[in-house]
Amino acid sequence: MTSHVAQGESMAEGLSQRTKEEVDACREAIKSASGSLPAHFNLAMAYIKLDWFKEASDELNIVLDLEKDYVPGLYWMGQVQGRLGNASREVAAYEAALAAGMKPTIRPNGRPI
């Protein structure tokens, strides 16, 4: 009988392998569709799944160069900058996302909207 820990490790390895395959597929899409916002955004999301935050930040910079007010890109840039320990960049990304039209999901008192 396989332990739950071993099953979890096996599942994590499988997810990691699938995510690496997603990275490869996104890189191929970028080669054939240079300047494609969706391709760069999807690659950034795959990097985030792998905890490759520097690479995700690089891709999100490309996304935001293509469309500076792209709310999902701004939101995820905030997430990535937080994981990289760049608090001022994290806050700036969230502020830009709000200015671009992102709807807050909590009130200032911390309660859901």
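This is a predicted model, so every value here is computed, not measured.

About the thresholds
Residues numbered from 1 in each chain as written. Predicted model: local features only at pLDDT ≥ 70, side-chain atom pairs only at ≥ 80, totals over all residues. Heavy atoms only, no water. Helix = DSSP H or I, 4+ residues; strand = E, 2+ residues; numbered from the N terminus. Expected span 1.5 Å × (residues − 1). Buried < 20%, exposed > 50% of the residue type's maximum accessible area, 1.4 Å probe, protein only. Contact = heavy atoms within 4.5 Å. Axes fitted to C-alpha atoms, helices over the stretch in contact; angles between N-to-C directions. Parallel < 35°, antiparallel > 145°, perpendicular 65-115°, else oblique. Left-handed = near helix turned anticlockwise from the far one by under 90°. Nonpolar A, V, L, I, M, F, W, Y, C, P; charged D, E, K, R; others polar.

Caption draft 1: Molecular detail of helix α4 (residues 71–83). Look at α4: 19 Å from first C-alpha to last across 13 residues, which is about the 18 Å you get at 1.5 Å a residue. Three or more residues of α4 are buried, namely Gly 73, Leu 74, Met 77, Gly 78, Val 80 and Gln 81. Where α4 is buried, its residues meet α2 (37–49), α3 (53–66) and α5 (87–99).

Caption draft 2: Highlighting the packing of α2 against α4. Packing of α2 against α4 leaves a shortest axis separation of 12 Å and a crossing angle of 25°. Classified by the angle their axes make, α2 and α4 are roughly parallel. Here α2 runs over α4; the crossing is left-handed. Here Phe 41, Met 45 and Ile 48 of α2 lie close against α4, whose contacting residues are Pro 72, Gly 73, Trp 76 and Val 80. In terms of residue class, the contact of α2 with α4 is made up of 6 nonpolar, 1 polar and no charged.

Caption draft 3: How the structure looks around the packing of α4 against α5. It is at 8 Å that the axes of α4 and α5 come closest, and there the two elements cross at 165°. In this view, α4 runs roughly antiparallel relative to α5, as classed from their interaxial angle. At the point where α4 passes α5, the crossing takes the left-handed sense. For the pair formed by α4 and α5, the contact residues are Val 71, Leu 74, Tyr 75, Met 77, Gly 78, Gln 79, Gln 81 and Gly 82 on the first element and Arg 89, Glu 90, Ala 93, Tyr 94, Ala 96 and Ala 97 on the second. Residues that form the contact of α4 with α5 fall into these classes: 8 nonpolar, 4 polar and 2 charged.

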